[in-house]
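Next come the chains, spelled out residue by residue.
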Amino acid sequence: MPALAADSGLRTDELGRLLTDETLTSVDDVHIVAAGDCAAPSGLPLRMSCQAAGPLAIQAADTVLSRIAGEEPDVIEPRFIAQCVSLG
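Note that this is a predicted model, so its numbers are computed, not measured.

Colleague: Teacher, can you tell me more about the environment of Ala34 here?
Modeller: Note on placement: Ala34 falls in the loop between strand S1 (18–20) and strand S2 (39–41). Separated by ten residues in the primary sequence, Ala34 and Leu44 place their C-alpha atoms 14 Å from one another. Setting aside chain neighbours within four positions, we find Ala34 in contact with Leu18, Thr20, Leu24, Ala39 and Ala60.

Structure below.
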């Protein structure tokens, strides 16, 4: 995992993901939003995978757009309809 978040001085989890709230906003700076695999939202049990990264990226974009519009962003509600499995 790249050390970008840790090197920034912002708090990260043990995997190097940026600690965020449920809107994917950094717990250290409200001007920073994490997207995809590099986000660790409020201890939610999301592993780094394409299955989680896609919905988190969409949430991050929605958070940025809400903030620009002066609105409170929605919180993430991850829902998965499938499970990724490796057979090899």
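Colleague: Hey, could you run me through unusual backbone geometry in this one?
Modeller: A negative phi angle is the norm for most residues apart from glycine, just as the trans form is the norm for most peptide bonds. Non-glycine residue Leu24 carries a positive phi angle of around 70°. Considering the arrangement of structural elements, one finds Leu24 in the loop between S1 and S2.

Colleague: What am I meant to see in the pattern of salt bridges here?
Modeller: Counted according to the given criterion, the structure contains two salt bridges. Of the charged contacts in the structure, one is a salt bridge between Arg11 and Asp28, with a shortest N-O distance of 2.8 Å. On the criterion of sequence distance, the pair formed by Arg11 in the loop between helix H1 (4–7) and S1 and Asp28 in the loop between S1 and S2 is long-range, its members being 17 residues apart.

The rules we used
- Residues numbered from 1 in each chain as written.
- Predicted model: local features only at pLDDT ≥ 70, side-chain atom pairs only at ≥ 80, totals over all residues.
- Heavy atoms only, no water.
- Helix = DSSP H or I, 4+ residues; strand = E, 2+ residues; numbered from the N terminus.
- Contact = heavy atoms within 4.5 Å.
- Salt bridge = Lys/Arg side-chain N within 4 Å of Asp/Glu carboxyl O.

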